[in-house]
Amino acid sequence: MRFFFSHFLLTATLASLSAEASRLQPRGQAAAAASSYRISQRVVPFINNLHARARSAIRQKNYKVASELYKSILYRFPEHVQVPPTALEDTYLLMALQHQREQRIEDARSTFQEGLKRTSLSSKLLTSLALMESKQEGRKRLAQNIVKAVEKMDPERGVPLHRWKMFSERP
């Protein structure tokens, strides 16, 4: 019953955001930016609420509900509603971690790859992917290569990773 109510609430909120966006009918670029900004201001707290609900479901070991909540953020928002890139990045990370928790490593990899495509190679997702790969048997070299890529993209995040024992060049 709780899941049905959550799903109903999610559907109703998405419908209201969609209705608001179509009702505004921007007349120019300035109006379009203003309406997009107003909608995105409502989207962020809504996404944060869904993340909190997913964490609660995980604590109760209800992994299917958590996955559905993450999927609702990633795939069920109307196209004209702009989900902020940081929210997408966080959601992909949380969903991949959820797959790892369930020992579904291939699903976690595909989630990371999809997130990297959709968020323009996020250094946060790359770092997390490197950490996951470093824990997998025979994938340490791949993890080190990912860390090198992160270092080139985002030196602030990449340089400290070389200090970690698992990412050092030494065998």
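This is a predicted model, so every value here is computed, not measured. (Residues numbered from 1 in each chain as written. Predicted model: local features only at pLDDT ≥ 70, side-chain atom pairs only at ≥ 80, totals over all residues. Heavy atoms only, no water.)

1. Some thoughts on the layout of surface pockets
When its volume is computed, the second largest pocket comes out at roughly 160 Å³. Residue lining of the second largest pocket: I73, L74, Y75, F77, P78, E79, V81, Q82, V83, P85, L88 and R118, and that is the complete set. Secondary-structure elements contributing two or more residues to the lining of the second largest pocket are α3 (63-75) and α4 (85-101). Here the lining of the second largest pocket takes 3 residues from α3, the largest share from any one element. (1 Å grid on protein atoms, 1.4 Å probe; cavity = no way out; pocket = protein on both sides within 12 Å on 5 of 7 lines; lining within 4 Å. Points joined across faces, edges and corners; volume = space filled by probe spheres on them. Helix = DSSP H or I, 4+ residues; strand = E, 2+ residues; numbered from the N terminus.)

2. With respect to the packing of helix α6 (residues 123-134) against helix α7 (residues 140-153)
Two numbers describe how α6 lies on α7: the axes approach to 8 Å, and their chain directions differ by 160°. Here α6 is positioned roughly antiparallel relative to α7, judged by the angle of their axes. When you trace α6 past α7, the crossing you get is left-handed. On the side of α6, the interface is formed by S123, L126, T127, L129, A130, E133 and S134, while α7 contributes K140, L142, A143, I146, V147, V150 and M153. Across the contact of α6 with α7, the residue classes break down as 9 nonpolar, 3 polar and 2 charged. (Axes fitted to C-alpha atoms, helices over the stretch in contact; angles between N-to-C directions. Parallel < 35°, antiparallel > 145°, perpendicular 65-115°, else oblique. Left-handed = near helix turned anticlockwise from the far one by under 90°. Contact = heavy atoms within 4.5 Å. Nonpolar A, V, L, I, M, F, W, Y, C, P; charged D, E, K, R; others polar.)

3. Concerning the confidence of the model for the protein
Per-residue pLDDT for the protein averages 78, and the proportion of residues at 70 or more is 72%. Looking across the protein, the model is least confident in helix α1 (residues 2-24), with a mean pLDDT of 50, and most confident in helix α5 (residues 105-118), with 93. This model gives residues 28-34 a pLDDT under 50, and the stretch forms 2 contacts once residues within four places in sequence are excluded. (pLDDT = per-residue confidence, 0-100.)

4. Section: the side chain of S122
Looking at the element boundaries, S122 is found in the loop between α5 and α6. Within the structure, S122 has its side chain in polar contact with the side chain of E89 (distance 2.2 Å). A distance of 3.2 Å separates a polar side-chain atom of S122 from the backbone nitrogen of L125. Residues contacting S122, with those up to four places away along its chain left out, are E89, L116 and M153. (Polar contact = N/O pair within 3.5 Å; in protein donor to acceptor, adjacent residues only side chain to side chain.)

5. Regarding α7
Its 14 residues give α7 an end-to-end C-alpha distance of 20 Å, which sits within 8% of 20 Å, the value for a rise of 1.5 Å per residue. Of all the positions in α7, only A143, Q144, I146, V147 and V150 are classed as buried. The arc enclosing the buried residues of α7, seen along the axis, measures out at 160°, which places them on a common side. Residues of α7 that are exposed and point over 90 degrees away from its buried face: R141 and K152. (Expected span 1.5 Å × (residues − 1). Buried < 20%, exposed > 50% of the residue type's maximum accessible area, 1.4 Å probe, protein only. Arc of directions from axis to C-beta.)

6. So, unusual backbone geometry
Despite not being glycine, K61 has its phi angle at roughly 60°, a positive value. Residue placement: K61 occurs in the loop between α2 (29-59) and α3. Note on K61: relative accessible area 61%, which makes it exposed. One non-glycine residue, Q103, adopts positive backbone phi at about 60°. Relative to the assigned elements, Q103 resides in the loop between α4 and α5. When its relative accessible area of 65% is taken as the criterion, Q103 is described as exposed.

7. Considering the side chain of S134
Along the chain, the position of S134 falls in helix α6. Residues in contact with S134, not counting those within four places in the same chain, are A143, M166 and F167.

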